[in-house]
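Notes for the structure review
The chain contents come next:
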Amino acid sequence: MAPINTRQAAVVDPILSTHARGYRNAEFISTALFPRATVPNRAMRQLKFGKEGFRLLNTRRAPGSNVRRIQYGYAAEPISLVQDSLEGVVPIEHQQEAESVPGFDLAQGAINMVLDSIDLGLEHECATMARNAANYAASNKVVLTTTARWTQGASTPIDDIKEGNEAIRRQTGRYANTLVLGPNAKNALTRHASIKEQFKYTSAQSITLAMLAALLELENVVCGKAVYLPETAAETAPATDVWGDDAILAYVPKGGNYQVPSYGYTYELAGYPQVNQPYYSNETKSWIYPTTAERRPYILGADAGFLFQNAGQS
């Protein structure tokens with residue numbers, strides 16, 4: 001029998017794990033509000049953000065005196081990471097057929113399928129938190145009713161978003177840079193007469209998210225297209241929009257440095273997602289690819305967000 005090489009002996013497959021850490025499904029947009037931030041261990045504490053970064057401090061120093069210090073955020077309760085694990089299956093018959101197709105990698109396909117399922121759970125968790133009115137102060141949320149909903153011609157979505165942005169600035173000293181829309185809210189904005197009026201002399205094409213971002217003076221406008229079915233739902237049951245009819249305005253910095261003030265982060269343990277060494281199942285005559293993610297999203301600066309409920313409701 002041939003000797004086992006280093007890769008075969010490893011508990012974690014380094015090549016497939018690297019692929020897993022770089023894989024992103026473009027349909028999932030939770031990282032627009034909760035960017036992934038790598039943490040070195042499970043003993044970390046949540047770094048929550050108050051207003052200390054926006055206070056007017058006396059920074060003058062007399063010769064020989066101590067230099068004042070400032071640190072953004074404060075350590076709150078411990079991070080409670082959760083582990084999601086699923087195994088991808090590649091029947092040996094599929095593997096044999098694929099060998100005749102150049103560049104066809106069933107292992108990566110199986111891992112992508114698993115990650116899509118795991119990440120849908122993360123998307124749903126993030127949307128549930130972002131859409132929960134209890135997570136916001138009274139100054140940072142509004143329930144749009146009747147003619148105020150953006151689907152109605154009498155509504156004023158541009159003014160609503162600007163007022164929400166001012167609420168964020170008053171609380172944090174920074175304007176929002178990100179707007180997350182449920183599909184109906186996105187359709188309501190792109191079809192609204194007051195918004196179409198802004199582009200009537202500049203473009204005949206359909207209004208895009210990039211055009212909305214420019215109009216609203218935001219860096220990033222994204223639409224959450226994902227849908228889900230509960231695990232026990234019937235095959236004939238209609239799917240539900242993960243992001244519903246709501247819209248969330250927020251300030252979210254670029255990059256994954258969790259020490260920078262932000263509306264939220266997804267804490268992810270260093271080295272994850274991980275793909276264990278695949279193994280062969282004689283029972284199913286299939287190769288099995290065990291994949292594990294360890295992470296958890298948190299709203300860490302709710303003052304940097306503003307929730308518009310029922311924005312896309314008819």
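All of these numbers come straight from a predicted model, not from anything done at the bench. (Residues numbered from 1 in each chain as written. Predicted model: local features only at pLDDT ≥ 70, side-chain atom pairs only at ≥ 80, totals over all residues. Heavy atoms only, no water.)

In this section: the overall build of the chain. The number of helices and strands found in the chain is eight helices and 15 strands. Scored against the burial criterion, the 314 residues of the chain give a buried share of 43%. Here the analysis covers contacts within the chain between residues at least 6 apart in sequence; of these, 80% occur between residues at least 24 apart. (Helix = DSSP H or I, 4+ residues; strand = E, 2+ residues; numbered from the N terminus. Buried < 20%, exposed > 50% of the residue type's maximum accessible area, 1.4 Å probe, protein only. Contact = heavy atoms within 4.5 Å.)

This paragraph deals with helix 6 (residues 183-191). Listed as buried for helix 6 are P183, A185, A188, L189 and T190. The inward-facing, buried residues of helix 6 abut helix 5 (157-172), strand 6 (178-181), helix 7 (193-198), helix 8 (209-216), strand 7 (220-223) and strand 9 (240-241).

If you trace the five strands from one edge of the open sheet to the other, you get 5-15-10-6-7, paired in mixed fashion. Only two strands of the sheet have a single neighbouring strand rather than two, namely strand 5 (141-143) and strand 7. The average undirected angle you get between the axes of adjacent strands in this sheet is 10°. (Pairing = 2+ DSSP bridges. Axes fitted to C-alpha atoms, helices over the stretch in contact; angles between N-to-C directions.)

This part is about the nonpolar core. By size, the foremost hydrophobic cluster in this structure holds 27 residues, and its most contacted members are W150, L179, L181, L249 and F308. If you list the elements that add at least two residues to this core, you get helix 5, strand 6, helix 6, helix 8, strand 10 (247-250) and strand 15 (305-309). Here this core takes five residues from helix 8, the largest share from any one element. Formed by 24 residues, the second largest nonpolar core is a distinct cluster that contains A130, A133, V180 and I299. (Core = buried A, V, L, I, M, F, W, Y, C linked by side-chain atoms within 4.5 Å.)

Looking at the element boundaries, E77 is found in strand 3 (residues 74-78). Separated by 32 residues in sequence, E77 and R45 place their C-alpha atoms 5.7 Å apart. Other than its neighbours up to four places away in sequence, E77 contacts R45, Q46 and K48.

So, on to the packing of aromatic side chains. If you walk through the whole model with that rule in mind, you get six aromatic pairs. Between Y280 and W287, the ring centres sit 5.5 Å apart and the planes meet at 65°, which makes this aromatic pair edge-to-face. Judged by relative accessible area, W287 falls into the partly exposed class, the value being 30%. Among the aromatic residues, those joined into a ring-pair cluster are F34, Y136 and Y263. (Phe/Tyr/Trp six-rings, centres within 6.5 Å; stacked < 30°, edge-to-face > 60°.)

What follows deals with helix 8. All buried positions along helix 8 are accounted for by M211, L212, A213, L215 and L216. Positive phi appears at E217, one or two residues downstream of helix 8, with a value of about 60°.

With respect to the element layout, H192 can be found in the loop between helix 6 and helix 7. Exposure remark for H192: the relative accessible area of 5% places this residue in the buried category. Within polar-contact distance, the side chain of H192 engages the side chain of S155 at 2.9 Å. Within polar-contact distance, the side chain of H192 engages the side chain of S194 at 2.8 Å. Sequence-distant contacts of H192, that is, excluding residues within four places in its chain, are made with W150, Q152, G153, S155 and P157. (Polar contact = N/O pair within 3.5 Å; in protein donor to acceptor, adjacent residues only side chain to side chain.)

Attention now moves to the packing of helix 2 (residues 14-22) against helix 4 (residues 106-130). Two packed helices can be described by the angle between their axes and the distance between those axes. Across the interface, helix 2 lies against helix 4 with an axial gap of 10 Å and an inter-helix angle of 45°. Viewed along their axes, helix 2 and helix 4 adopt a mutual orientation that is oblique. Crossing of helix 2 against helix 4: the hand is right-handed. Contact residues: helix 2 offers L16, H19 and A20, while helix 4 offers A107, Q108, I111, N112 and L115. Taken together, the residues of the contact of helix 2 with helix 4 sort by class into five nonpolar, three polar and no charged. (Parallel < 35°, antiparallel > 145°, perpendicular 65-115°, else oblique. Left-handed = near helix turned anticlockwise from the far one by under 90°. Nonpolar A, V, L, I, M, F, W, Y, C, P; charged D, E, K, R; others polar.)

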